[in-house]
Every structure is written in structure tokens, then in C-alpha cells.
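A look at the structure
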Amino acid sequence: MTPTGTEALRDLVASNLATARERTELLTGCVDDGDLVRQHSPLMSPLVWDLAHVANQEELWLLREVGGREPMRPEIDPLYDAFEHPRAERPTLPLLPPGEARAYAHEVRGRVLDLVEAATFTGARLLSGAFAFGMIAQHEQQHDETMLITHQLRKGAPALTAPPPAAPPADVPSLPREVLIPGGPFTMGTSAEPWALDNERPAHAVTVPAFYLDTTPVTNAAFAEFLADGGYDDPRWWSPAGWAHRQRTGQTAPLYWRREGSGWVRTRFGVREPVPPAEPVMHVSWYEADAYAAWAGRRLPTEAEWEKAARHDPVTGRSRRFPWGDEDPTPDRANLGQCHLQPAPAGSYPRGASPAGVRQMIGDVWEWTASDFLPYPGFSAWPYREYSEVFFGSEYKTLRGGSFGVAPVACRGTFRNWDYPIRRQIFAGFRTARDAEPPAPHPPPRPSQLPPAPGAGVSR
Ligand SMILES: [Fe+2]
């Protein structure tokens, strides 16, 4: 995003708000009212909550904060405050029914577009570079991904369709399994990206020792080998908390996988199908990703390693906005924006490769990293503490890169996502790494005697 001038910013804001709303309407318009008000999983809100919450945040930040308008319906604010009501509790609230939620969202949007027409995007920090508008467009798209997750959890006939991604390129069989990322400093985070959120800031130098990173995300076929080798029954590969969780839940495969004959089938947006071997594995928790990596004699990359592999250009020494350069994502570079309802086969998108030749770092699946969600040096909460600051700590692991369900406006090389290590309903996979020094011939076994980690719901 490199807007110049007020008119260009107005167009950028209007087009991003319109794209987000089209997607919201698709996700809430393809099911009936009964489906909108039902809670499809205690992990998720009813779709009608997301719809009105998106509108309520838009009203709070754009009409009230930026525009100085009076509240339209102050009595509904508490219902749509994500911190006041965890997801499991939201169906019990006196939520706006679907018709009223749609009318409210429509009314807010109309007034916001009037505000955009008159805005100059200068002065207050919220207005500068149209930050508040960008934040709200990202927020709606983030809830669109959340609603897509709800659709995946929903039982019943398929409601969504999209064409499959293209077949993988012909050079995939000749791709190296891993690439070397040379050691040395690089610039992590950003101080320049106008719509970057507080946790991506500020830009700072980080020195990363040389390491090897998988060229592509780990595939279903590779993950199935871990299963076939008894990986889910062998505590040597699991962290203590991961093993305790696996024992407590009885998990034996990624979420949505079922044994059928000698193979695996899955359910994807209401369609039962064989698990595609070449596709990146998805719906695995951090614990499962970590166990697979240990079994493979490898480890998850740290967040800094991931970002260096994705952004650092060894020729210029600077960090790019995206693996391929500074240009915004296009459909030939990354699988984003719900254009497809699944990740593309491993090795796809050669035009989206990083300088070192790593593929699919942006789009397809979120990638678990080894790192806890922590602030960067010099972090300052903006525009509110509850966006990131209250989540910092060792409870959450970071995810990077975005999935097929992430919109381009909410995706960049610096973007950080976070979740509990037990979470599997998100569109998350992973890739593995290893130190550049030769690994030990056999990875050491891990003890498994710690108590299980608590599982609660992220209040987003
Ligand atoms: Fe939200």
C-alpha cells in the first residue's frame, strides 16, 4: 500500500471497505437466519454477532472517535464488546436479530462513506495515512476469516464454493527440501507501513544465526508419515504440555481427518474428500506441529527466523514488505482473500518466492512459529491496549504469513497473529527449520510429566 494524496487515500479506503463488506455479505448471506443465530461451536460466536460487532467497532472508531458523532445505539455497545463476553457466552445475549444487524451495519457504513468523502487524513494520529480506516477494514476482514472458520465448523450442506487452486508448477519435484538462510542482522517489524498494527512496530535490528528452513510448508503426505510411524503415541516427540494435552483429548490426527480404509479423508466446508497429499497440512495445533518437527529431527522456526526468511533481501540488505518485493499481493503470488477454499499444493506460487527461494510464506496456511507472543523493543500500545498488549506473554504462540482466508489488506511480511497452542480450528499449518550446524544423529527424548495447559477462549 503506497497511497499518495488525499484522493488516492479516499479511493484506497473506499475500495478496502467495499471489499470487506462484500465478503461479509457473502459469508452471512449464504446461510439462512437460523444458521446465523446458531452457535456452531463453543469456540466461535454466532455469525450474527460478528456481523453486528464489525459494524459496532466501525461506529466506535470511525463515526465517534474520528468523526466526533454521537453514539447511534449506545445500549448495544456492551453486547458487542469482545472483552465483556467470551465467545461461548455470546449466544445467550439479546443480540440484534439478522435483519436489524444488517440494517445497523448498512447505516453505519453509509455514514462512514460520508466521512471518507470529507476527510483529509491529516492532523490526529488516527487520521494520519487513514490509519483508523485501514484498521477497520482489516478488522472486518479478520472477522471474515473468523466467520470462515465458523463455516468450516458448521454442520450441514455446503454453503460456500470456490474454484480449487491451480496445479503445482512443474519445477516442484526439483525444489530443494530446505534452503540456507545466512546468519547476520536484519530489520524485523516496521516503522513505515502506514496500516501496520501496534504489535508489528517498531522496526528494529535482530541478529539471527544461520539456519535452514523448509522450502514449502509441511504437506499432508509428510504429516501422514508421522501418524503412520506412531507419532501420536510416542511421548518422545511431544513437549510435556503437548503430551498431556494429547492424552487428555485423545487426539490421533489433525482436526477434520478420519480414517477410511487405508487412507485419510477430511471434511472441508461440508464436503467429504480424500486428504490431498500435496497440500500443506492444516488444522494442527502448535503442540502437533512441534511434535512433528521433533520427530523429523527438526524444530519450528522462531518468529525472527520466519520473518528474516520472508523479508530479508541479502543483495540490498533491507527488508521487503513481502517475500517477492514491495508490491501488494496479486493472485499469481499468493493464495489470499478466500479466492480458494483451501491451500494450494506445496511449491505453488513461484512468483511469490522469497529471495532465498522459500515458497508460500504469504497465504495458504498460517504458520506456527516457536515463539511466544511478545512485544518488540520500543513497543507502544496503539490505539488501545486491548488490541495486542493484554495478550503478550507465554500463553500464546505467534503465527505468521496468513492463510487462504486472510485478505491482502490484513496480510504483510510483518503481520503477527497469535493463539493458544491447543488451537486447531484456525487455518494453521507450519514449516520446519534446523540450525546450520549439523544436527545430533538422534533428537533427545523429551520428558512428559508436566501438568496440562489450561484451555480458554481468545476473546477476539
Ligand atoms: Fe473484533
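Our structure is the block above this text.
Here's what I pulled together on the structure shown here. (Residues numbered from 1 in each chain as written. Predicted model: local features only at pLDDT ≥ 70, side-chain atom pairs only at ≥ 80, totals over all residues. Heavy atoms only, no water.)

The next subject is the overall build of the protein chain. Looking only at helices and strands, the protein chain features nine helices and 12 strands. Here the C-alpha coordinates of the protein chain stretch approximately 65 × 50 × 45 Å along the principal axes. Looking at the 460 residues of the protein chain, the share that counts as buried comes to 57%. For the protein chain, long-range pairs separated by at least 24 residues make up 78% of all intrachain contacts whose partners lie at least 6 apart in sequence. Taken as a whole, the protein chain presents about 18200 Å² of accessible surface, with 57% of it coming from carbon and sulfur. The averaged location of the 56 negative side-chain charges in the protein chain is 4 Å from the averaged location of its 46 positive side-chain charges. (Helix = DSSP H or I, 4+ residues; strand = E, 2+ residues; numbered from the N terminus. Buried < 20%, exposed > 50% of the residue type's maximum accessible area, 1.4 Å probe, protein only. Contact = heavy atoms within 4.5 Å. Areas by Shrake-Rupley, 256 points an atom, 1.4 Å probe, with all protein chains shown as cover. Lys, Arg positive; Asp, Glu negative; His and termini not counted. Charge placed at Lys NZ, Arg CZ, Asp CG, Glu CD.)

The strand order across the open sheet built from three strands is E5-E6-E7, with neighbouring strands paired in antiparallel fashion. Pairing within the sheet leaves two strands with one partner each, and these edge strands are strand E5 (257-260) and strand E7 (271-274). Sheet twist, expressed as the mean angle between neighbouring strand axes with direction ignored, is 35°. (Pairing = 2+ DSSP bridges. Axes fitted to C-alpha atoms, helices over the stretch in contact; angles between N-to-C directions.)

Here we take up the environment of proline 421. Here proline 421 is to be found in the loop between strand E10 (416-419) and strand E11 (428-429). For proline 421, a relative accessible area of 11% puts it in the buried group. Distance in space between the C-alpha atoms of proline 421 and proline 176 is 29 Å, their sequence separation being 245 residues.

Turning our eyes to something else, we now look at the packing of aromatic side chains. Tallied over the entire structure, the rule returns 32 aromatic pairs. Ring centres of phenylalanine 223 and phenylalanine 430 lie 6.3 Å apart, and the angle between their planes is 75°; on these two criteria the pair is classed as edge-to-face. Highlighted residues: phenylalanine 223 in helix H6 (residues 220-228) and phenylalanine 430 in the loop between E11 and strand E12 (433-435), separated in sequence by 207 residues. For phenylalanine 430, a relative accessible area of 1% gives the class buried. The structure contains a cluster of three or more aromatic residues connected by ring pairs, namely Trp61, Phe83, Phe373, Phe379, Tyr384, Tyr387, Phe391, Phe392, Tyr396, Trp418 and Tyr420. Positioned above the aromatic ring of tryptophan 49, the side-chain terminus of arginine 90 is 3.8 Å from the ring centre. Here the basic side chain of lysine 397 rests over the ring of tryptophan 286, its NZ or CZ set 4.5 Å away from the ring centre. (Phe/Tyr/Trp six-rings, centres within 6.5 Å; stacked < 30°, edge-to-face > 60°. Lys NZ or Arg CZ within 6 Å of the ring centre and 35° of its normal.)

Turning our eyes to something else, we now look at the packing of helix H3 (residues 47-66) against helix H4 (residues 98-118). In contact at an axis separation of 9 Å, H3 and H4 are set at 30° when each is read in the N-to-C sense. In terms of axis orientation, H3 runs roughly parallel to H4. Crossing angle aside, the handedness with which H3 passes H4 is left-handed. In this structure, H3 uses Val48, Leu51, Ala52, Ala55, Asn56, Glu58, Glu59, Leu62, Leu63 and Val66 to contact H4, whose residues at the interface are Pro98, Ala101, Arg102, Tyr104, Ala105, Val108, Arg109, Arg111, Val112 and Leu115. Looking at side-chain class alone, the contact of H3 with H4 contains 14 nonpolar, one polar and five charged residues. (Parallel < 35°, antiparallel > 145°, perpendicular 65-115°, else oblique. Left-handed = near helix turned anticlockwise from the far one by under 90°. Nonpolar A, V, L, I, M, F, W, Y, C, P; charged D, E, K, R; others polar.)

With that settled, the discussion passes to unusual backbone geometry. At the junction of arginine 201 and proline 202, the peptide bond is cis and its omega measures out at -10° in the coordinates. Tracing the sequence through the fold places proline 202 in the loop between strand E2 (184-188) and strand E3 (204-208). The peptide bond linking tryptophan 382 to proline 383 adopts the cis configuration, its omega dihedral lying at -5°. Within the secondary structure, proline 383 sits in the loop between strand E8 (366-373) and strand E9 (393-400).

Taken as a whole and assessed by the stated rule, the structure comprises 41 salt bridges. The partner of arginine 109 in a salt bridge is glutamate 58, and the shortest N-O contact between them spans 2.8 Å. Placement of the pair is arginine 109 in helix H4 and glutamate 58 in helix H3, with a sequence separation of 51 residues. Glutamate 58 matches arginine 109 in its accessibility class, with the two residues each being buried. In this structure, arginine 311 and glutamate 307 form a salt bridge, with 2.7 Å as the shortest nitrogen-oxygen distance. (Salt bridge = Lys/Arg side-chain N within 4 Å of Asp/Glu carboxyl O.)

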